[in-house]
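Okay, here's what each chain looks like letter by letter:
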There are 2 protein chains.
Amino acid sequence: MTEDRRPTLTTVAQRAQVSRQTVSNVLNTPEIVRPETRERVLRVIAELDYRPNVAARQLRTRRSSVLGLCVPPAADGISGQVLDRFLHALTEEAQRGGLRIMLFTAPDDEAEIREYENLRATTGVDGFVLANTHPRDPRTAWLAAHGVPFVSFGRPWDRGASSHPWVDIDGREGTRAATRHLLDAGHRRIAFLGWPEGSGVGDDRLAGFLAALDAAGLGPGGVVERCEDGVPEGEAAARRALVRDDVTALVCVSDSVALGAMTAVREADLADPARIVAISGFDDTPVAAAVGLTSVAQPVEDVAARAVALVRAQIHGDPVDTDRQVLIEPRLVVRATSPARH
Amino acid sequence: MTEDRRPTLTTVAQRAQVSRQTVSNVLNTPEIVRPETRERVLRVIAELDYRPNVAARQLRTRRSSVLGLCVPPAADGISGQVLDRFLHALTEEAQRGGLRIMLFTAPDDEAEIREYENLRATTGVDGFVLANTHPRDPRTAWLAAHGVPFVSFGRPWDRGASSHPWVDIDGREGTRAATRHLLDAGHRRIAFLGWPEGSGVGDDRLAGFLAALDAAGLGPGGVVERCEDGVPEGEAAARRALVRDDVTALVCVSDSVALGAMTAVREADLADPARIVAISGFDDTPVAAAVGLTSVAQPVEDVAARAVALVRAQIHGDPVDTDRQVLIEPRLVVRATSPARH
């Protein structure tokens, strides 16, 4: 097709039997066009492969309606599944709000910042959604300093960190609910299987466990065994905790650790059928449902909805009508691994 | 900022102390610019928030370098994890080839086709990657009819379907390898736990099982129990298969089904400690590694690399130098659930 024969707004309007303004509305403010008309116009646009005004509109509005999201290069075992669920929910929520999600990847924080530069310059991405914030995170500081709209799934973990819009799950409340559930079921000696000290998320989950013991008059302190995240690691930590004969319940920092604990508990049950040890996990991954593991569910749909609202407001320069920092309560899902004590 | 004070190519070139051509190269053919220079220019572009030529370039080249991928609205249990792993791998491969992945969602095939129209018209997406092709799939026909570059992860399942570029995993070869492995381990009476007849993927996996039995002189036919995908469904199907006392191994169509089978087998082992039943799954999901399940791994990285190459060639109008249809061999991962028969 030569330059001259490219379809124009007028060609589309004629073929779809609508005004040029209607075609323009379909492309710029589709919500004000009747659905049947919108579909007819879109069909004609597709037939003619009419596309130039994408770029022209972007040139005019300086907006792409695209959000960037960095995903890790490969899937990350059982715990990485929460991020994947968030990604699906974010796509849906963004689309509902007239935005799209563009994925990219980077091996570390510095490379991710270079991709921010790249994406702003070459693809015109309007803003970013960050997952997996961590202590001493240079990414949020860079985005704030450059005035780029963004929101993070995860709060800033440094004390005195500059405030920025974020949405997070209240992990402390999650383990508190799990521990309270086990206390209500009659357990008195409960151990926590946690990650090594220093991860914001892990320390927060431990704090909820300790708070629940305190509130039940069983604090301060409690049995705590630490391990890296993983199934064999969880199994070993559970064995260490179960050396104490009076421990009858394990609150685990993740489903991976809980899955390992289930193996250790099965052995302990075989050795002493009178000893029933209850277990709870965290994240409510598909495997938790599959093996009947009580777990703490992260409502990623709520996180996605709030995150899209927060970044959208910044892009449009609207006043942010929700709180700029949102902490969402998780939900305990009770299954077979946390029976009442008999 | 007023219209007049927007940064220009010249402003960027001056600030970065390079020629205007170098700035243009960084944006259009970054691979020919020295990395240090490229980074310096990108840093200046970010500082100045220089963006207009994104749209201008798109206007000139009529290319966005963006591929659309439709993701299901919510995570899909254990079996959905292969798609998520593919998504990560695709992001990485696309980025390596100068392309980005844009996500969208649609409740059904018709809605997905409307989004194709929408994305072509409003965001200028260059092409699409489809996952989860199925019999009577209207999406591939639409894309082919409209001359839109695309590739599918999954072959067309209809006999006589029009050919289009696709990449798929050879599921038949996967179950054949799993069955051969169990035969080599000394098992003679092996059952297949499969999905109801009519799913292309499921029928293909059953065919591999039957072919391996045939090749070993144990065919034609074999013990086949069918169920919907899921853990409790797999458990029930395994119970039905284990009614036959001579069955000592189960080849499962998915890790979900295999996980259910593991529970049924554990019970059978308890009832008769002399009976050891081997199990293999399919997909090598994180849970398979976690519970020691022998499974068939889908090399999604290879699928992603071939898919990007196939769609990229169409976008650039290059001759497609790889096969337009690519079948990739999966890999058997042997773990604890498939011990040799003693």
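Up top you'll find the structure we're talking about.
All of these numbers come straight from a predicted model, not from anything done at the bench. (Residues numbered from 1 in each chain as written. Chains lettered and ligands numbered in written order. Predicted model: local features only at pLDDT ≥ 70, side-chain atom pairs only at ≥ 80, totals over all residues. Heavy atoms only, no water.)

A. Representation of unusual backbone geometry. With omega at -5°, the peptide bond leading from Gly 219 of chain A into Pro 220 of chain A counts as cis. Looking at the element boundaries, Pro 220 of chain A is found in the loop between helix 9 (200–215) and strand 7 (223–226). One non-glycine residue, Asn 132 of chain B, lies in the positive phi region at around 60°. Among the structural elements, Asn 132 of chain B can be located in the loop between strand 3 (127–131) and helix 7 (138–145). (Helix = DSSP H or I, 4+ residues; strand = E, 2+ residues; numbered from the N terminus.)

B. Region of the structure containing the pattern of salt bridges. All names here are of chain A. Within the structure shown, the criterion is met by 40 salt bridges over all chains. A salt bridge links Arg 139 to Asp 109, with the shortest nitrogen-to-oxygen separation between them at 3.6 Å. Taken together, the residues Arg 139 in helix 7 (residues 138–145) and Asp 109 in helix 6 (residues 109–122) connect sequence positions 30 residues apart. Arg 239 is paired through a salt bridge with Glu 235; the nearest N and O atoms lie 2.6 Å apart. Here Arg 239 and its partner Glu 235 are both found in helix 10 (residues 231–242), four residues apart, which amounts to about one turn of the helix. Among the ionic contacts, a cluster of salt bridges with common partners joins Asp 109, Glu 112, Asp 137 and Arg 139. (Salt bridge = Lys/Arg side-chain N within 4 Å of Asp/Glu carboxyl O.)

C. Fine view of the side chain of Asp 126 of chain B. Residues and elements named next belong to chain B. Among the secondary structure elements, Asp 126 is positioned in the loop between helix 6 (109–122) and strand 3. The exposure class of Asp 126 is buried, given its relative accessible area of 5%. A distance of 2.6 Å separates a polar atom in the side chain of Asp 126 from the backbone nitrogen of Ser 65. (Buried < 20%, exposed > 50% of the residue type's maximum accessible area, 1.4 Å probe, protein only. Polar contact = N/O pair within 3.5 Å; in protein donor to acceptor, adjacent residues only side chain to side chain.)

D. Here's a closer look at the sheet that holds strand 11 (residues 325–328) of chain A. The strand order 11(A)-5(A)-4(A)-3(A)-1(A)-2(A)-2(B)-1(B)-3(B)-4(B)-5(B)-11(B) describes an open sheet built from 12 strands, whose pairing is mixed. Each edge of the open sheet is held by one strand with a lone partner, namely strand 11 of chain A together with strand 11 (325–328) of chain B. On average, each strand axis in the sheet is inclined to that of its neighbour by 20°, with strand direction left out of account. Here four bridges tie strand 3 (residues 127–131) of chain A to strand 4 (residues 150–153) of chain A, and the two strands are oriented parallel to one another. Note on strand 4 of chain A: the bridge partner recorded for Phe 128 of chain A is Phe 150 of chain A. (Pairing = 2+ DSSP bridges. Axes fitted to C-alpha atoms, helices over the stretch in contact; angles between N-to-C directions.)

E. Highlighting the environment of Asn 118 of chain B. Within the fold, Asn 118 of chain B resides in helix 6. The partly exposed category is assigned to Asn 118 of chain B, whose relative accessible area is 22%. Once you skip the residues sitting within four places of it in the chain, Asn 118 of chain B turns out to touch Leu 42 and Arg 100 of chain A together with Thr 123 of chain B. (Contact = heavy atoms within 4.5 Å.)

F. Helix 5 (residues 81–96) of chain B, seen in detail. Residue and element names in this part refer to chain B. With 16 residues, helix 5 should cover 22 Å at 1.5 Å per step; its first-to-last C-alpha distance of 23 Å lies within 8% of that length. The buried fraction of helix 5 amounts to 13 of the 16 residues, a majority that puts the element mostly inside the structure. One or two steps after helix 5, the chain reaches Gly 98, where phi turns positive at roughly 80°. (Expected span 1.5 Å × (residues − 1).)

G. Examining the packing of helix 10 of chain A against helix 11 (residues 255–271) of chain A more closely. Residues and elements named next belong to chain A. Viewed as axis vectors pointing N to C, helix 10 and helix 11 meet at an angle of 50°, and their least axial separation amounts to 6 Å. It follows that helix 10 is oblique to helix 11 by the angle criterion. In the crossing of helix 10 with helix 11, the sense of the turn from one axis to the other is right-handed. Counted together, Val 231, Gly 234, Glu 235, Ala 238, Arg 239 and Leu 242 of helix 10 and Ser 256, Val 257, Leu 259, Gly 260, Ala 261, Thr 263, Ala 264, Val 265, Glu 267 and Ala 268 of helix 11 form the full contact between these two elements. Its residues assigned to classes, the contact of helix 10 with helix 11 shows nine nonpolar, four polar and three charged. (Parallel < 35°, antiparallel > 145°, perpendicular 65-115°, else oblique. Left-handed = near helix turned anticlockwise from the far one by under 90°. Nonpolar A, V, L, I, M, F, W, Y, C, P; charged D, E, K, R; others polar.)

H. Broad picture of the packing of helix 6 of chain A against helix 3 (residues 35–48) of chain B. In the contact formed by helix 6 of chain A and helix 3 of chain B, the axes pass within 9 Å of each other and the chain directions differ by 65°. Considered as vectors, helix 6 of chain A and helix 3 of chain B are oriented roughly perpendicular to each other. Judged by the sense of rotation from one axis to the other, the crossing of helix 6 of chain A with helix 3 of chain B is left-handed. Contacts from Arg 114, Glu 117, Asn 118 and Ala 121 of chain A of helix 6 of chain A reach helix 3 of chain B at Glu 39, Leu 42, Arg 43, Ile 45 and Ala 46 of chain B. Within the contact of helix 6 of chain A with helix 3 of chain B, the residues separate by chemical class into four nonpolar, one polar and four charged.

I. Geometry of the sheet that holds strand 7 (residues 223–226) of chain B. Residue and element names in this part refer to chain B. Taken together, four strands build an open sheet; the order of strands is 7-6-8-9 and the sheet is parallel. Edge strands, defined here as strands with exactly one partner in the open sheet, are strand 7 and strand 9 (278–280). Between one strand and the next, the sheet's axes are offset by a mean angle of 20°, whatever the strand orientation. With three bridges connecting them, strand 8 (residues 249–252) and strand 9 associate as parallel partners. Opposite Ala 249, over in strand 9, you have Ala 278 as the bridge partner. Sheet strands touched by helix 9 (residues 200–215): strand 6 (190–194), strand 7 and strand 8. Its angle to strand 6, the strand with the most contacts, is close to 175°.

J. The arrangement of the nonpolar core in detail. Membership of the largest hydrophobic core comes to 77 residues, with the highest contact counts inside it found for Leu 193 and Leu 250 of chain A together with Leu 193 and Leu 250 of chain B. Filtering out sequence-adjacent residues up to four positions away, Leu 250 of chain A remains in contact with Leu 182, Ala 191, Leu 193, Ala 238, Ala 241, Leu 242, Ala 261, Val 265, Val 277, Ala 278, Ile 279 and Ser 280 of chain A. In terms of nonpolar packing, the next biggest core, distinct from the first, is built from 58 residues, Ala 131, Val 151 and Phe 153 of chain A together with Val 71 of chain B among them. (Core = buried A, V, L, I, M, F, W, Y, C linked by side-chain atoms within 4.5 Å.)

K. Main features of the packing of aromatic side chains. Residue and element names in this part refer to chain A. Applying the stated criterion to the full structure yields 12 aromatic pairs over all chains. Ring centres of Phe 104 and Phe 128 lie 6.0 Å apart, and the angle between their planes is 80°; this geometry places the pair in the edge-to-face category. Note that Phe 104 is positioned in strand 2 (residues 100–104) and Phe 128 in strand 3, a separation of 24 residues in sequence. In terms of burial, Phe 104 and Phe 128 fall into one category: buried. Put simply, the rings of Phe 104, Tyr 116, Phe 128 and Trp 142 touch in pairs and so form one group of aromatic residues. One Lys or Arg, Arg 205, reaches over the ring of Phe 282 and ends 3.7 Å from the middle of that ring. (Phe/Tyr/Trp six-rings, centres within 6.5 Å; stacked < 30°, edge-to-face > 60°. Lys NZ or Arg CZ within 6 Å of the ring centre and 35° of its normal.)

L. Broad picture of helix 13 (residues 300–316) of chain B. Residues and elements named next belong to chain B. With 17 residues, helix 13 ought to run about 24 Å at 1.5 Å a step, and its terminal C-alpha atoms sit 24 Å apart, in line with that. Turning to helix 13, its buried residues number three or more, namely Val 300, Val 303, Ala 304, Ala 307, Val 308, Leu 310, Val 311, Ala 313 and Ile 315. In this fold, the buried residues of helix 13 make contact with strand 1 (66–70), helix 5, strand 3, strand 4 (150–153), strand 5 (166–169) and strand 11. Among the residues trailing helix 13, Gly 317 stands out with phi positive, at a value near 70°.

M. View of the environment of Ser 64 of chain B. All names here are of chain B. Secondary-structure assignment places Ser 64 in the loop between helix 4 (53–61) and strand 1. Assessed through its relative accessible area of 13%, Ser 64 is described here as buried. Sequence separation between Ser 64 and Leu 99 is 35 residues; the distance between their C-alpha atoms is 8.5 Å.

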